[in-house]
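Structure at a glance
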Amino acid sequence: MNQGITITTLNKPFITESGHRFKRAEAAYKTWGELNESADNAVVICHALTGHAAADEWFPGLIGPGCAADPEEDFIVCINVPGSCYGSLGPWSVNPESGEPWRGGFPEITIRDMVRFQMQLLDQLGVKGIKRVLGGSLGGMQALEFCILDERVRSAILMAMGKAHTPWAIGISHAQRAAIMGDADWKGGFYDREKGPAGGIAAARMMAMITYRTPEDYNRKFGRKLQNEDGQFQVESYLNYQGQKLAKRFDALSYIILTKAMDTHDVSRNRGSFEEVLGRVKIPVQVIGIDSDHLYPVPEQKELASLLPNGRFSKITSDFGHDAFLIEWEQMNEVIREFKESLKSAPINAK
Ligand SMILES: CC(=O)SCCNC(=O)CCNC(=O)[C@H](O)C(C)(C)COP(=O)(O)OP(=O)(O)OC[C@H]1O[C@@H](n2cnc3c(N)ncnc32)[C@H](O)[C@@H]1OP(=O)(O)O
Ligand SMILES: N[C@@H](CCO)C(=O)O
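No experiment lies behind these values; they were computed from the predicted model shown.

1. Examining the UniProt feature "binding site: substrate" (unreviewed entry) in the protein
Mapped onto this numbering, the UniProt entry gives "binding site: substrate" (unreviewed entry) at Arg205 and Asp323. What stands out for the annotated residues spanning 119 residues is how close their C-alpha atoms remain, the widest pair being 13.2 Å apart. Looking at where Arg205 falls in the secondary structure, it is placed in helix H5 (residues 198–212). Ignoring any residue separated from it by four or fewer positions in sequence, one finds Arg205 in contact with Thr50, Tyr212, Gln242, Gly243, Leu246 and Arg249. Assignment of secondary structure puts Asp323 in the loop between strand E12 (311–316) and helix H11 (329–344). Taking relative accessible area as the criterion, Asp323 reaches 10% and is therefore assigned buried. With sequence-adjacent residues up to four places away left out, Asp323 is seen in contact with Met209, Tyr212 and Arg213.

2. Notes on the site of ligand 1
Of all residues adjacent to ligand 1, which total 20 residues, the nearest are Arg213, Ser237, Tyr238, Tyr241 and Lys245. Separating a nitrogen atom of ligand 1 from a backbone N or O atom of Gln234 is a distance of 3.4 Å. Gln242 places a side-chain nitrogen or oxygen 2.8 Å from an oxygen atom of ligand 1. Burial of ligand 1 by the protein amounts to 64% of the accessible area it has alone, namely 1000 Å². Elements supplying a minimum of two residues to the shell around ligand 1: helix H1 (55–58), helix H6 (215–222) and helix H7 (234–249). Looking at the shell around ligand 1, the element that brings in the most residues is H7, giving seven residues. Looking at side-chain class alone, the shell around ligand 1 contains six nonpolar, seven polar and seven charged residues. Both domains that meet at the shell around ligand 1, namely domain 1 (6–166 + 265–344) and domain 2 (169–262), each give it at least three residues.

3. Brief notes about the side chain of Arg154
Residue placement: Arg154 occurs in the loop between helix H3 (138–149) and strand E10 (156–159). Although Arg154 lies buried, it forms no salt bridge, and the closest oppositely charged side chain, Asp40, sits 4.6 Å away as judged by the N-O distance. Of note is the side chain of Arg154, whose polar atom sits 3.1 Å from the backbone oxygen of Asp40.

4. Here we look at the side chain of Asp113
Summarising the element assignment, Asp113 is placed in helix H2 (residues 111–124). Engagement of the side chain of Asp113 in a polar contact is seen with the side chain of Arg116, the distance being 3.1 Å. Sequence-distant contacts of Asp113, that is, excluding residues within four places in its chain, are made with Phe14, Ile15, Thr16, Glu17 and Glu108.

5. Topic: the packing of aromatic side chains
All chains considered together, the criterion is met by 14 aromatic pairs. Every member of this aromatic cluster is reached through a ring pair, and the members are Phe14, Phe22, Trp102, Phe106 and Phe117. Its guanidinium or amino end placed over the ring of Phe274, Lys163 lies 4.4 Å from that ring's centre, counting from NZ or CZ.

6. As for the UniProt feature "domain: AB hydrolase-1" (unreviewed entry) in the protein
Listed under "domain: AB hydrolase-1" (unreviewed entry) in the UniProt record, and renumbered for this structure, are residues 41–326. Taken end to end, residues 41–326 has its terminal C-alpha atoms 24 Å apart, with 39% of it in helix and 13% in strand.

7. As for the site of ligand 2
All residues in the neighbourhood of ligand 2 are listed as Ala48, Leu49, Thr50, Gly51, Ser137, Arg205, Tyr212, His322, Asp323, Phe325 and Leu326. Measuring from an oxygen atom of ligand 2, one finds a backbone N or O atom of Leu49 at 3.4 Å. One nitrogen or oxygen atom from the side chain of Arg205 is found 3.0 Å from an oxygen atom belonging to ligand 2. Expressed as a share of its isolated accessible area of 260 Å², the protein-covered part of ligand 2 is 94%. Partitioned by chemical class, the residues of the shell around ligand 2 number five nonpolar, four polar and two charged.

8. With respect to the pattern of salt bridges
Pairing is possible between side chains of opposite charge, provided their charged atoms come close. A complete count under the given rule lists 20 salt bridges for this structure. With a closest N to O distance of 3.0 Å, Asp56 and Lys30 form a salt bridge. In this pair, Asp56 sits in helix H1 while Lys30 sits in strand E4 (residues 26–32), placing the two residues 26 residues apart along the sequence. Across the pair Arg271 and Glu145 runs a salt bridge, and its minimum N-O distance is 2.8 Å. Taken together, the residues Arg271 in the loop between helix H8 (252–263) and helix H9 (274–279) and Glu145 in helix H3 connect sequence positions 126 residues apart. Given a relative accessible area of 1%, Glu145 falls into the buried group. Linked through salt bridges whose partners overlap, the residues forming this network are Arg213, Asp217, Arg220, Lys221 and Asp323.

9. Structural notes on the packing of helix H4 (residues 167–181) against H5
Between H4 and H5, the least distance of the axes is 7 Å, while the angle of their chain directions is 160°. In terms of orientation, H4 and H5 fall into the roughly antiparallel class. Considering the relative orientation of H4 and H5, their crossing is right-handed. Listed contacts from H5 to Ile172, Ala175, Gln176, Ala179 and Ile180 of H4 are Gly200, Ile201, Ala203, Ala204, Met207, Ala208 and Thr211.

Rules and cut-offs
Residues numbered from 1 in each chain as written. Chains lettered and ligands numbered in written order. Predicted model: local features only at pLDDT ≥ 70, side-chain atom pairs only at ≥ 80, totals over all residues. Heavy atoms only, no water. UniProt positions renumbered as here; feature names shortened; annotations may be inferred. Helix = DSSP H or I, 4+ residues; strand = E, 2+ residues; numbered from the N terminus. Contact = heavy atoms within 4.5 Å. Buried < 20%, exposed > 50% of the residue type's maximum accessible area, 1.4 Å probe, protein only. Near = heavy atom within 4 Å. Polar contact = N/O pair within 3.5 Å; in protein donor to acceptor, adjacent residues only side chain to side chain. Areas by Shrake-Rupley, 256 points an atom, 1.4 Å probe, with all protein chains shown as cover. Nonpolar A, V, L, I, M, F, W, Y, C, P; charged D, E, K, R; others polar. Domains from an automatic or database assignment. Lys, Arg positive; Asp, Glu negative; His and termini not counted. Salt bridge = Lys/Arg side-chain N within 4 Å of Asp/Glu carboxyl O. Phe/Tyr/Trp six-rings, centres within 6.5 Å; stacked < 30°, edge-to-face > 60°. Lys NZ or Arg CZ within 6 Å of the ring centre and 35° of its normal. Axes fitted to C-alpha atoms, helices over the stretch in contact; angles between N-to-C directions. Parallel < 35°, antiparallel > 145°, perpendicular 65-115°, else oblique. Left-handed = near helix turned anticlockwise from the far one by under 90°.

Shown next as structure tokens:
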């Protein structure tokens, strides 16, 4: 896992929206393909909640010849967001004042912070133009903010999210955070890394896995079948497994920080109305919804596309629910191929 990741130090301090100044911030990233002479062929992939910079491990169907990110033509970059636990600045980075990891003292991170952090690294890599920015869920929220904050972006593909985090999605994340914070090993966020709130994060992932999928998917996969002679349902065994799997690879503080960052997602915040803010995004944007997504339902993507002057909406059909953006490669590539085709006949420089 995480093959080919580079970790570098940002060459300027990273200052968060809340005003926290990190004099030294590490950024983990992975690239594919070459930056061209004019340095304007970058394609930025933004990762979702538990993803990381090795996008080829979780977006394999969208990276390749003719895909959304084509290493033969594009300089593809994926950067681990600050607050995560996969190499970039996060709660286990050392606080220079105390010489100890930040842990529960790590400051708030917003979606805008994530994007500005990535913009700093892209500057450092010499990127002058971004052909496309894409992502789903948390990745889509970042990609939308990229359209607003970064003048270099010339087109975008946004999947399975909306213009702001809804009370429905905030509530779901809140319940998951309560499971983590209710674990005796949480210790106010000042736990030892080797003995974190594993039960809490496993419970949070179980809840999340229900919102990421659908009744149809679980009916087809498990029905009412039992896993063992103790009377455990298959679905229970599956959720236990998924919870433990995440507890082994992800950090509870990062889970709290990143889900709270998702709750800050609201492109209108301190900027004006949604109509004004999104109306200023003149670049072509493909918005993709999943018909069975219960977490970020299709009306959110339809609305977002309608508020973007050059927005297009497409729906994919799937029983997988929200997670379909990490699974339904064929349908997504079809939509993306059409979008890329449409750009050939329309200029993509307008901002
Ligand atoms: C190498 C890495 O870790 S890279 C992945 C890092 N993750 C990310 O970047 C986030 C994006 N990825 C994801 O969210 C997910 O991987 C997805 C959505 C792409 C796919 O989800 P998955 O969990 O792989 O698929 P699915 O829901 O079918 O579950 C399959 C797993 O459940 C297990 N399982 C299935 N039924 C049961 C059951 N009844 N009891 C116990 N376990 C079960 C399978 O054995 C399989 O285990 P494995 O993951 O060890 O192979
Ligand atoms: N399944 C995704 C979250 C979906 O948005 C992840 O684990 O990152």
